[in-house]
2 protein chains.
Amino acid sequence: MANLSDVAKKAGVSVTTVSRFLNGSLSLPDARAHQIRTAVDELRYVPNPHARRLSRGRSDAIGLVVPDIAGPFFARLVAAVEEEADRLGLGLVLHATLNRPARELRYLDSLRMRHLDGMIFVTNRAADSALLAAVRSCQHLVLLDEDVPGAKVPKVFCDNEAGGRMAGGYLAAMGHRSVLFVGGEADMVSGRRRYRGFEQEMHRVSDGPVRIERVLGRYIPETGRDAARRFLEMAPRPTAIFATSDEMLIGLIEVLRDALVTIPDDVSLLGFDDIGPLHLFAPPITAIRQPVRDLGRRALGVLLETLKTETGEAAPTEELLPVTLIERASVAPPTTRLKATANRKDMT
Amino acid sequence: MANLSDVAKKAGVSVTTVSRFLNGSLSLPDARAHQIRTAVDELRYVPNPHARRLSRGRSDAIGLVVPDIAGPFFARLVAAVEEEADRLGLGLVLHATLNRPARELRYLDSLRMRHLDGMIFVTNRAADSALLAAVRSCQHLVLLDEDVPGAKVPKVFCDNEAGGRMAGGYLAAMGHRSVLFVGGEADMVSGRRRYRGFEQEMHRVSDGPVRIERVLGRYIPETGRDAARRFLEMAPRPTAIFATSDEMLIGLIEVLRDALVTIPDDVSLLGFDDIGPLHLFAPPITAIRQPVRDLGRRALGVLLETLKTETGEAAPTEELLPVTLIERASVAPPTTRLKATANRKDMT
DNA sequence: GCCCCTTAGTAAAGCGTTTTACTAGCGCAT
DNA sequence: ATGCGCTAGTAAAACGCTTTACTAAGGGGC
C-alpha cells in the first residue's frame, strides 16, 4: 500500500507538496499537478485514514446511540441518520444500548475520548442523575427523540404534545369519554408530553366528564400486553385505547386478540409512531405518525451546526417536528354493547 | 486531555514503560505499577484511539454493509451483528447501499483502504462482474445472506434450499397443485435455491402434475404488488402463493386485500423471513423463519477466524444455517369455489 | 542595482501511540 | 573473575499524515 512519500518520490516533489496539493491548500502549475495526479493513480494511493485522523485530530465520523436497532422505529431512525451522514461524507459508528444504563454511559464516554467528532444520542428510559451528569459533560452531543431533562444540549424531538392533542381530540370527537392511555413512564418527557396533550384535548373537546385510565411502562410490546391484561379486568372497560408506540400496540393487539376482543367493535385503538405495517393489521390501525426521516436528518443538521461553532457548547435549542394523524379503521364511535364476543372470523 | 508522556512524567518512568505496562507486555513490581496506575487515574488518561490505530495498523472496528436498514429483516440483522461486535469490543461502522451498485463498490473500497479490519457484506441484487471483481480483491470479507457467485470468500447464509423444500412440501401436503412462486431474480443465488428446493419438493410430495407460476424481482414490496396483480389476471388462479420475503409478502397482501381476495379462503399464503409481526396480520401468516440472530453472530465469528489466520485469504467456506416453518393460519387446503368475494369483514 | 512581491515549492515539527532492540545492574554458578 | 541469565526498565524508530514557517528564484517598478 503506497503512502504519501511514495507518491512524492514518484512525482519528484516533497511530501508537503503532495499533501497540500491533494488537500487543496496549494495550487500548482498544470505540469506539476499532472505529475502528482499520475503518481497517485499509478500507485493507487489513498490516504491512510488513521494517520490523517491522528494528524488532524478529528475522525470525520459521528456516533449514533440507540436503545435498540431491531425495532421498527429505531431501525428507521438509524436508516435516516445513516443516509444523511453518508451524504455528508461522515462515517457512522452505531451503538445499541439494549436498555442497559451502563452502556449508555460507556458509549457517551467513547465520545469524550475524542474518538468521534460528535454524537447523536437516543435514550428510551427515564434519565437518572448518572446519565444526566454524563450528558452534561459531553460536547458535540445532540439528543434525539427522547429528552434528558436538565441537559444543556441541542435537542430534536417530534411534537409529542401536539401528537397527544391530536389523539385526544380525535377520540373525543368520535364520542369516547372513557379511555385507556398506554404510555411512557411518567418521568419520561415524551410520555408526559403525550399525556398532557392528550388529556388537555380530551377535556376540551369532550366538554364534560372524562375518564382516563393509565398504564405506563417502557415502549416495548410487554407494556402493551400488560396494558391489555389490565384493560380486560376493568369494569366498565374503556371504549378506546391510545397506545403511544408501535411496539406497545403490537403487544396490546396480541392479548386483545387472544381474549377475543374485536377492534373497533369492542374497543377502539389508536397508535403512535406508525412505522410498522400498521395498514396490514386487522383492522388497519389509525395512528399518529412520527416524521422519522426528518428526525434523523435534523438531528444531524443540528449536530453539524454544533461542530461548526468552535466554542465547545452550542445553544441548547429544542426543535419540535410536526406529527400527523393517519386515519384508518381502528377507531369507531363507542358502542354500548356488552357482550364481547362477536364475529370471530379470521382470528385464530 | 492527558497523553502518554504526561503519565510517564507523573509516574517518573518512560513512555515505553507506561505503554507496555498498560498493554500488558511488561510486568512491574508493585510499587511502580501502583505509581503508574495512580498517574493514569489522576490525569484521567485514556489512550488516543487514532494514535493507537495508526501505530498498530488496525482499527478494532469492522464494517457492515447492508442494502437498507429500515426493512425489518436487515434491521434485525444489523442488530445481531452490532450486539456481537460490541461483545467482542469491536466498533461497527454501518453503511447502507440503498440498492445503488456504485455504493456497494465504494464501501468495499473503504475496506481496501485499510480503514477497517474486516467487513460483513450483504447484497440483495444479482452480482455483476464489477461487484465480483471488487469482492475478489478484498481480504477479510465475509458474505452474508446473499451470495456473490464466484467470490472466494467465507459465506454465511440460511439454508435457502431447505426453506424452499419445506415450503413446497407443506403446500403440496395441503393439497395445492397450482401455485405461484414470488421470488428473487433468477440470477440471485438465494432465489434460485429457494426455488429449486420448492419445486423439487412440490413434485416429490405431489406425485403428479404440478403447475408453478413464477414472478421474480427484488425482495421489496413492489415485487409483491406486481405479483399480486399478475396473480389476479391468471386463469385459473393458483390456489397458493409462496412469497419468499416479508417485504414481498407485504406488497402482496396490500393488493390482494384491495382486490377483495381473502386468505386463506381464496388463496393460501406462505411467507419467508418471518421477521415483521406476521402473527398480527389478518390472518396470521404462516412462514419460513430465518435465524437472523444466528446469521449475524456467525458472520462475525467467521470474520474473526479470517482475521486470525494472518495469511491474507481464508478458506472460502460456506455455512448454511437452518430455517424453520412457523405454522399459522394463512395456508389451508385449496377450495374449488370460484366466486372470490366472501365475508368482507374487517378489511376496509 | 535594489527592493519587494509573487510563484513554487520545502524542511521539519508535530499528532500519540506501539514496538523492537537494547542496557545497566545484580546475583549466582563455575 | 567471568560469563550467564534475570529483572527492570529505556531510547528511538516507526506509523503516515498535516501544517507552520520558511526559502529560492524570477519579475517588475523605481
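In this text the structure is predicted, and so the values were computed from the model without any measurement.

Analysis parameters
- Residues numbered from 1 in each chain as written.
- Chains lettered and ligands numbered in written order.
- Predicted model: local features only at pLDDT ≥ 70, side-chain atom pairs only at ≥ 80, totals over all residues.
- Heavy atoms only, no water.
- Near = heavy atom within 4 Å.
- Polar contact = N/O pair within 3.5 Å; in protein donor to acceptor, adjacent residues only side chain to side chain.
- Helix = DSSP H or I, 4+ residues; strand = E, 2+ residues; numbered from the N terminus.
- Nonpolar A, V, L, I, M, F, W, Y, C, P; charged D, E, K, R; others polar.
- Buried < 20%, exposed > 50% of the residue type's maximum accessible area, 1.4 Å probe, protein only.
- Pairing = 2+ DSSP bridges.
- Right-handed = clockwise from strand over helix to strand, strands pointing away.
- UniProt positions renumbered as here; feature names shortened; annotations may be inferred.
- Domains from an automatic or database assignment.
- Phe/Tyr/Trp six-rings, centres within 6.5 Å; stacked < 30°, edge-to-face > 60°.
- Lys NZ or Arg CZ within 6 Å of the ring centre and 35° of its normal.
- Axes fitted to C-alpha atoms, helices over the stretch in contact; angles between N-to-C directions.
- Contact = heavy atoms within 4.5 Å.
- Parallel < 35°, antiparallel > 145°, perpendicular 65-115°, else oblique.
- Buried area = accessible area lost by both parts, 1.4 Å probe.
- Salt bridge = Lys/Arg side-chain N within 4 Å of Asp/Glu carboxyl O.

K.L.:
Where do I start with the protein's contact with DNA strand C in this structure?
P.N.:
Residues in close proximity to DNA strand C total 25 residues, the closest being Thr 17 and Arg 32 of chain A together with Leu 4, Ser 19 and Ser 55 of chain B. Protein-proximal atoms of DNA strand C, defined as those within 4 Å of the protein, fall in sugar or phosphate at a share of 58%. Arg 20 of chain A is positioned such that a nitrogen or oxygen atom in its side chain is 3.0 Å from a base oxygen of DNA strand C. Within the side chain of Ser 55 of chain A, one N or O atom sits 3.1 Å away from a base nitrogen of DNA strand C. Those elements that provide at least two residues to the surface near DNA strand C are α2 (15–22) and α4 (49–56) of chain A together with α2 (15–22) and α4 (49–56) of chain B. The class makeup of the residues in the surface near DNA strand C is 10 nonpolar, 10 polar and 5 charged.

K.L.:
Where do I start with the pairing of strand β8 (residues 240–243) of chain B in this structure?
P.N.:
Residues in a regular strand project their side chains so that they alternate between the two faces of the sheet. Residues and elements named next belong to chain B. Alternating residues of β8 divide into Ala 240 and Phe 242 and Ile 241 and Ala 243, and every residue in both groups is buried. For strand β6 (residues 178–184) and β8, the ladder comprises 4 bridges, and the chain directions are parallel. In the strand pairing of β8, Leu 180 is matched with Ile 241. The sheet contact formed by β8 and strand β9 (residues 268–273) spans 3 bridges and is parallel. Opposite Phe 242, over in β9, you have Leu 270 as the bridge partner. Following the backbone out of β8, through helix α11 (residues 246–258) and into the adjacent parallel β9, one traces a crossover that is right-handed.

K.L.:
Which parts of the structure should I look at to understand the UniProt feature "domain: HTH lacI-type" (unreviewed entry) in chain A?
P.N.:
Taking the UniProt record as the reference, the feature "domain: HTH lacI-type" (unreviewed entry) is found at residues 2–56 of chain A. Secondary structure within residues 2–56 of chain A divides into 69% helix and 0% strand; the distance between the first and last C-alpha atoms comes to 20 Å.

K.L.:
Any chance you could explain the domain arrangement of chain A here in plain terms?
P.N.:
The extent of an interface is frequently quoted as the accessible surface area lost upon association of the parts. Assigned domains of chain A: these are domain 1 (4–56), domain 2 (61–158 + 292–321) and domain 3 (160–290 + 326–343). Between the C-alpha centres of domain 1 of chain A and domain 2 of chain A the distance comes to 36 Å.

K.L.:
What's the story with the packing of aromatic side chains in this structure? I'm lost.
P.N.:
To describe a pair of aromatic rings, one takes the distance between the centres and the angle between the planes. Summed over all chains, the structure comprises 13 aromatic pairs over all chains. Taken together through their ring pairs, the aromatic side chains of Phe 181, Tyr 195, Phe 198, Phe 242 and Phe 272 of chain A make up a single cluster. Positioned over the ring face of Phe 272 of chain B is Arg 194 of chain B, at 3.9 Å from the centre of the ring. Here Arg 214 of chain B stacks its cationic end above the ring of Tyr 195 of chain B, 3.7 Å away from the centre of that ring.

K.L.:
It is not clear to me how the sheet that holds strand β9 (residues 268–273) of chain A should be interpreted in this structure. Could you clarify?
P.N.:
Residues and elements named next belong to chain A. Spatially, the 6 strands line up as an open sheet ordered β7-β6-β8-β9-β10-β12, and their pairing is mixed. The outermost strands of the open sheet, each flanked by one partner alone, are β7 (211–217) and β12 (324–326). Taking the axes of each pair of neighbouring strands and ignoring which way they run, one obtains an average angle of 20 degrees across the sheet. Running at roughly 165 degrees to strand β6 (residues 178–184), helix α9 (residues 189–206) makes contact with β6, β7, β8 (240–243) and β9 of the sheet.

K.L.:
Any chance you could explain the packing of helix α1 (residues 4–11) of chain B against α2 of chain B here in plain terms?
P.N.:
Helix packing geometry: the angle between the two helix axes and the distance between the axes. Residues and elements named next belong to chain B. Where α1 contacts α2, the two axes come as close as 8 Å, and the packing angle between them is 105 degrees. It follows from the interaxial angle that α1 and α2 lie roughly perpendicular. Contacts from Leu 4, Ser 5, Val 7 and Ala 8 of α1 reach α2 at Val 15, Val 18, Ser 19 and Leu 22. The residue makeup of the contact of α1 with α2, split by class, is 6 nonpolar, 2 polar and no charged.

K.L.:
Hey, could you run me through the protein's contact with DNA strand D in this one?
P.N.:
Near DNA strand D you find 25 residues, and of these Leu 4, Ser 19, Tyr 45 and Ser 55 of chain A together with Thr 17 of chain B are the closest. Counting only the atoms of DNA strand D that lie within 4 Å of the protein, the sugar and phosphate share comes to 60%. Note that a phosphate oxygen of DNA strand D is positioned 2.4 Å from one of the backbone N or O atoms of Leu 4 of chain A. One of the side-chain N or O atoms of Ser 19 of chain A is found 2.7 Å from a phosphate oxygen in DNA strand D.

K.L.:
For this particular structure, what's the right way to read the interface of chain B and chain A?
P.N.:
In this complex, chain B contributes 50 residues to the contact, which on the side of chain A involves 49 residues. Overall, the association of chain B and chain A removes approximately 4,300 Å² of surface from exposure, summing both partners, and the carbon and sulfur fraction of that is 61%. There are 4 salt bridges connecting chain B and chain A. As a salt-bridge pair, Asp 86 of chain B and Arg 103 of chain A come within 3.2 Å of each other at their nearest N and O atoms. Counting the contacts that link chain B with chain A gives 16 residue pairs in polar contact (both at pLDDT 80 or more). Every element with two or more residues in the side of chain B that touches chain A is listed here: α4, α5 (72–87), β2 (91–96), α6 (101–112) and α11 of chain B. For the side of chain B that touches chain A, the element with the highest residue contribution is α5 of chain B, accounting for 7 residues. Residue composition of the side of chain B that touches chain A, by class: 27 nonpolar, 8 polar and 15 charged.

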